[in-house]
Amino acid sequence: MLALSHPQTKKQPIHCTNRSLHCSYCLISMKMVEETNQPEFQSSASTTVVKRKSSWPSVLRWIPTSTDHIIAAEKRLLSLVKTPYVQEQVNIGSGPPGSKVRWFRSSSNEPRFINTVTFDSKESSPTLVLIHGYAASQGFFFKNFDYLANNFRVVAIDQLGWGGSSRPDFTCKSTEETEAWFVDSFEEWRKAKNLSNLILLGHSFGGYVASKYALKHPEHVQHLILVGPAGFSTAESDSKSELVTQFRATWKGAILNHLWESNFTPQKLIRGLGPCGPNLVRKYTAARFSPKYSAEGVLTEEQNRLLTDYMYHTSAAKASGELCLKYIFAFGAFARKPLLNSASEWKVPTTFVFGSEDWMDYKGAQEARKKMKVPCEIIRVPQVCSLVPYIRN
């Protein structure tokens with residue numbers, strides 16, 4: 001298999017055989033994904049990754065995870081994928097050239113890395129890049145990879161601060177800085193991979209990032225696919241806005257609003273539970289995906305076990321990208337800078353995909369389409385929810 005080469009890239013070939021407001025908040029939160037021990041990187045002529053390891057055995061640690069655990073869990077989950085792939089840590093440097101504000105906010109110049117998987121495909125296949133949602137990682141697309149690889153050269157990434165990618169200290173203090181964290185790091189990744197003419201697919205928060213990237217760098221995107229994208233509705237246009245206001249006036253709503261504005265995440269709860277954290281994640285995934293508890297029966301027992309393991313290790317890892325939430329969205333998941341307001345500036349043909357029971361309001365996309373000057377299509381998939389890209393082909 002041929003893999004893209006880059007002088008600052010480490011490659012490892014691998015061949016693999018809600019609806020209430022309260023529930024919506026919990027669903028977003030429980031999916032938040034990150035990594036516990038931040039790797040330290042040292043750059044040389046051939047880039048190597050040096051991981052910070054604990055001297056304590058895993059069974060004796062309060063939080064039984066590490067960078068090695070995340071990569072191992074990812075490999076086990078992707079063993080379910082039949083299409084051969086290459087996993088690599090793509091060096092994106094220490095900050096965007098010429099920028100006075102470094103998106104990684106570090107006192108050192110150590111390089112950052114984006115965890116990337118590229119699947120085998122026909123040589124002429126168009127490139128499809130997948131950007132995961134909030135509190136997720138590229139492994140959540142595991143049921144989609146084989147199907148998509150039949151028609152595309154599929155490349156999936158862990159966004160900066162999530163999954164197996166670098167987890168810098170998150171010290172952004174504004175919406176603008178937070179957007180730059182994701183958009184600029186993605187652009188550095190694209191340049192390192194020497195990719196262009198992308199079909200860019202983003203799910204949920206990944207749809208927000210993909211949209212912001214396409215607005216800033218439309219020359220590199222031939223088509224935008226937004227699956228249950230966050231950020232299009234405004235508090236004034238969304239049908240659940242009034243319910244949010246009413247709920248926030250209750251004592252429960254006041255507490256959740258305070259937690260939101262304090263940047264408290266369920267990952268902090270998982271970390272706080274220490275060795276009991278895996279059991280909490282196991283109960284969540286069993287209730288949400290297991291055929292025993294879910295009428296959808298979307299995952300087999302083996303798939304559920306591997307996803308649970310992967311989800312725990314990425315969730316219990318060091319807090320980084322997850323801390324973007326309060327700067328991008330207000331309580332109720334309303335974007336502080338709605339994409340609807342930028343629809344007239346759209347330069348890339350766009351396809352929206354929503355589940356019929358999607359908690360992201362498709363009406364925001366309908367309003368955006370009215371303002372767009374490029375081709376735009378809205379697809380609603382019957383009898384599925386917002387998790388559709390993760391669990392169905």
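Computed from a predicted model, the values in this text were never measured in an experiment. (Residues numbered from 1 in each chain as written. Predicted model: local features only at pLDDT ≥ 70, side-chain atom pairs only at ≥ 80, totals over all residues. Heavy atoms only, no water.)

A. Quick look at the overall build of the chain. Across its full length, the chain holds 13 helices and 13 strands. The buried share among the 393 residues of the chain stands at 58%. (Helix = DSSP H or I, 4+ residues; strand = E, 2+ residues; numbered from the N terminus. Buried < 20%, exposed > 50% of the residue type's maximum accessible area, 1.4 Å probe, protein only.)

B. View of unusual backbone geometry. Even without glycine at this site, Asn 197 takes up a positive phi of about 55°. Checked against the element boundaries, Asn 197 lands in the loop between α4 (175–193) and β8 (198–203). Given a relative accessible area of 46%, Asn 197 falls into the partly exposed group. Phi is positive for Ala 333, which is not a glycine, with a value near 65°.

C. Just the environment of Gly 164, in detail. Along the chain, the position of Gly 164 falls in the loop between β7 (153–157) and α4. Residue Gly 164 is classed as buried on the basis of its relative accessible area of 6%. Through-space distance from the C-alpha of Gly 164 to that of His 313 is 9.9 Å; in sequence the pair is 149 residues apart.

D. Fine view of helix α6 (residues 241–248). Restricting attention to buried positions, one finds in α6 the residues Ser 241, Val 244 and Phe 247. All buried residues of α6 fall inside an arc of 125° around its axis, so they share one side. In α6, those exposed residues whose orientation departs by more than 90 degrees from the buried face are Glu 242 and Leu 243. (Arc of directions from axis to C-beta.)

E. Spotlight on the pairing of β7. With respect to burial, β7 is a largely interior element, 5 of its 5 residues being buried. Burial along β7 is two-sided: Arg 153, Val 155 and Ile 157 facing one way and Val 154 and Ala 156 facing the other are all buried. The pairing of strand β5 (residues 112–119) with β7 spans 3 bridges and is classified as antiparallel. Counterpart to Val 117 in the pairing with β7 is Ala 156. Bridge analysis of strand β6 (residues 127–131) against β7 gives 5 bridges, and the strand direction is parallel. Bridge pairing in β7 places Thr 127 opposite Arg 153. (Pairing = 2+ DSSP bridges.)

F. A look at a nonpolar patch on the surface. A cluster of nonpolar side chains, Phe 264, Leu 269 and Leu 273, forms an exposed patch at the surface whose accessible area comes to about 230 Å². With respect to the helices and strands, the residue Phe 264 is situated in the loop between α7 (251–261) and α8 (266–272). A relative accessible area of 35% places Phe 264 in the partly exposed class. (Patch = residues over 30% accessible without salt bridge, like charges linked within 9 Å, V, L, I, M, F, W, Y side chains within 5 Å. Areas by Shrake-Rupley, 256 points an atom, 1.4 Å probe, with all protein chains shown as cover. Salt bridge = Lys/Arg side-chain N within 4 Å of Asp/Glu carboxyl O.)

G. Up close: the packing of aromatic side chains. Within the structure shown, the criterion is met by 20 aromatic pairs. Ring plane angle 35° and centroid distance 5.2 Å describe the contact between Phe 186 and Trp 189, whose orientation is recorded as tilted. Pair noted here: Phe 186 and Trp 189 are both in helix α4, with a separation of 3 residues, about one helical turn. Centroid distance Phe 232 to Phe 352: 5.0 Å. Interplanar angle 80°. Geometry classified as edge-to-face. Pair noted here: Phe 232 is in the loop between β9 (221–227) and α6 and Phe 352 is in strand β12 (residues 350–355), with a separation of 120 residues, a long-range link. With respect to class, Phe 232 is no different from Phe 352; both count as buried. An aromatic cluster is present here, built from Tyr 134, Trp 162, Phe 170, Trp 181, Phe 182, Phe 205, Tyr 208, Tyr 327 and Phe 329 joined pairwise through their rings. (Phe/Tyr/Trp six-rings, centres within 6.5 Å; stacked < 30°, edge-to-face > 60°.)

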